[in-house]
Amino acid sequence: MNRCKKVSKYMEFYFIFIYIYFTLFVDSHVTFGENDIQAESVLNLTDNNISHADFYEKSLSSDSQSSSSYCPNPRQIAPCSCTGPQGFLYLICDQLSDEDELKRVLSTDFPVSEFGKLSLTNSNIPVWSEGLLKVVSFEYIYVYKTSLIKIFPQDFVSSKTSIKRLEIIHNDLQTFPFNYVSTLNKLEQLILYYNAIKIIPDHAFGLHTKLKEINLSFNMIHYVGSYAFENLRALKVLNLRYNKLFILNNYAFAVERVNPNLLLDLSNNYIIYISEEAFRNQVPKLLNISYNHLKSLSKSNFENMLQTMTVENYGMIVTKGNRFLCTCENSAWLAILPYMSKQHINGFVCSDLNINLMNVTFKDIRCTKD
């Protein structure tokens, strides 16, 4: 039993190492562009438990029954198509001209009302009418390049108790009904990268016990409200890289209880200031604040986090790509950290001194010991 626990611990640090490698040596060289950054974040390399699209692909081959008995008349739903087994039918719609065409398809007489996946791609549907998807339920909704600007909570009423993955990417989504997510009690993945979302409101998500991944990277988010992610007890990946964050507000990433499995990525923003309670109770498996505009790591924000990481022997704070200016006032507490604590900070370099954290001394930062 003890041997299994040791193996598990080694595997955990192995996955963290892989993530840091990609973050520091691969992700740091990519540019903000669709062709340079692939759809899935490197965060996903670190977790084997989060199911992705291939889970749904496997579902198609799990049942050899023909879809002809369960799909609508092909002519009635053209240019969409229906395929797959009874247990996981696909409704695939590509290059629709407008919302009316989608409405016509969804108003067709469906032999069954429970589908596995809706794939809506390369179409011109900037706004969905309220309740557009109220007739048929889905486990997986995939919306790609449809110029979508806004959606309504009522759009997911029929899928309220079935949807596990909601993926709306490469659209123009400006707002999202985050507070409605708590009612989607089976939702495990919310993927909204490459959109135009600007604000995550206070208490955005509410209580949710199933949600494992939130990907809001490559948006225009400049504000994260207090306690926005407080009660997401199963959350393993929170990806906010490549946004417009300048200041992390009070309690923005505060949680009710410590989540040692969380990978929190805030890299490649414009963060210049972190409020004292921004990370209240946070001790994540990995916190990535690399490639921002931070000048220091404040004791009030990170001392307790590092103490827990040191005692519990897990966790990493990735800091590469910031221009830290080390003075006695802001860096003395870092200089006197035990070696074991410093091991939990990766990539910290005093840019004005060109000295890494492991080697910085009181003399370097012009401190005198009291």
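Student: Which parts of the structure should I look at to understand the confidence of the model for the chain?
Tutor: Low pLDDT means the predicted atomic positions in that stretch should not be read closely. When pLDDT is averaged along the chain, the result is 86, and 81% of the positions lie at 70 or above. Confidence over residues 3–11 falls short of pLDDT 50; this stretch has three contacts with residues more than four positions distant or in other chains.

Student: For this particular structure, what's the right way to read the packing of aromatic side chains?
Tutor: The geometry of an aromatic ring pair is captured by two quantities: the separation of the ring centres and the angle between the planes. The full count for this structure, using the stated rule, is 17 aromatic pairs. An angle of 10° between the planes, with centres 4.9 Å apart, marks the rings of Tyr227 and Tyr251 as stacked. Highlighted residues: Tyr227 in the loop between strand 9 (223–224) and strand 10 (237–239) and Tyr251 in the loop between strand 11 (247–248) and strand 12 (263–265), separated in sequence by 24 residues. A residue is classified by how much of its surface remains accessible, and Tyr251, at 24% relative accessible area, is partly exposed. Look at Phe229 and Phe253: their rings are 5.8 Å apart centre to centre, the planes differ by 10°, and that puts the pair in the stacked class. Of this pair, Phe229 sits in the loop between strand 9 and strand 10 while Phe253 sits in the loop between strand 11 and strand 12, and the two are 24 residues apart along the sequence. One aromatic cluster is present, formed by Phe176, Phe178, Phe205, Phe229, Phe253, Phe279 and Phe302 through successive ring pairs. Its end group placed over the ring of Tyr142, Lys117 keeps NZ or CZ at 5.1 Å from the ring centre.

Student: Explain helix 4 (residues 99–106) to me, please; I cannot follow it from the model alone.
Tutor: Residues three or four positions apart in an α-helix share a direction because the helix packs 3.6 residues into each turn. If you check which residues of helix 4 are buried, you get Glu99, Glu101, Leu102, Val105 and Leu106. Looking down the long axis of helix 4, one finds its buried residues gathered within 160° of arc, a one-sided arrangement. Of the surrounding elements, those touching the buried residues of helix 4 are helix 3 (74–77), strand 2 (90–94) and strand 3 (114–121). If you check the start of helix 4, you find a side-chain oxygen 3.2 Å away from the backbone N of Asp100, and it comes from Asp98.

Student: Where do I start with the state of the cysteines in this structure?
Tutor: What makes a disulfide is a covalent bond joining the sulfur atoms belonging to two cysteines. Using the criterion set out here, one finds four disulfides in the structure. A sulfur-sulfur separation of 2.1 Å characterises the disulfide bridge that pairs Cys80 with Cys93. On the S-S bond that ties Cys80 to Cys93, the torsion sits near 115°, and the link is right-handed. Highlighted residues: Cys80 in the loop between helix 3 and strand 1 (81–83) and Cys93 in strand 2, separated in sequence by 13 residues. Accessibility expressed as a relative area gives 5% for Cys80, which makes it buried. Accessibility expressed as a relative area gives 0% for Cys93, which makes it buried.

Student: Would you take a moment to explain the environment of Gly315 for this structure?
Tutor: Here Gly315 shows up in the loop between helix 5 (299–312) and strand 15 (316–318). With relative accessibility at 1%, the residue Gly315 sits in the buried group. For the pair formed by Gly315 and Leu263, sequence separation is 52 residues and the distance between their alpha carbons is 9.4 Å. Discounting chain neighbours no more than four positions away, the residues touching Gly315 are Pro284, Lys285, Met309 and His344.

Student: What should I look at first to understand the sheet that holds strand 8 (residues 213–215) in this one?
Tutor: Strand pairing within a sheet occurs via backbone hydrogen bonds; the two strands may be parallel or antiparallel. The 12 strands lie next to each other as 1-2-3-4-5-6-8-10-12-14-15-16, forming an open sheet whose pairing is mixed. Taken across any chain shown, the strands that pair with only one partner, and hence form the sheet edges, are strand 1 and strand 16 (345–346). Direction of pairing for strand 14 (residues 286–288) relative to strand 15: parallel, over a ladder of three bridges. For Leu287, the partnering residue across the bridge sits in strand 15 and is Ile317.

Student: How should the side chain of Ser123 be read in this particular structure?
Tutor: Examined against the element boundaries, Ser123 turns out to sit in the loop between strand 3 and strand 4 (137–144). Only 2.8 Å separates the side chain of Ser123 from the backbone nitrogen of Leu96, close enough to count as a polar contact. Setting aside residues no more than four positions away along its own chain, Ser123 makes contact with Asp94, Gln95, Leu96, Lys145, Thr146 and Ser147.

Parameters and conventions
Residues numbered from 1 in each chain as written. Predicted model: local features only at pLDDT ≥ 70, side-chain atom pairs only at ≥ 80, totals over all residues. Heavy atoms only, no water. pLDDT = per-residue confidence, 0-100. Contact = heavy atoms within 4.5 Å. Phe/Tyr/Trp six-rings, centres within 6.5 Å; stacked < 30°, edge-to-face > 60°. Helix = DSSP H or I, 4+ residues; strand = E, 2+ residues; numbered from the N terminus. Buried < 20%, exposed > 50% of the residue type's maximum accessible area, 1.4 Å probe, protein only. Lys NZ or Arg CZ within 6 Å of the ring centre and 35° of its normal. Arc of directions from axis to C-beta. Polar contact = N/O pair within 3.5 Å; in protein donor to acceptor, adjacent residues only side chain to side chain. Disulfide = S-S within 2.5 Å. Pairing = 2+ DSSP bridges.

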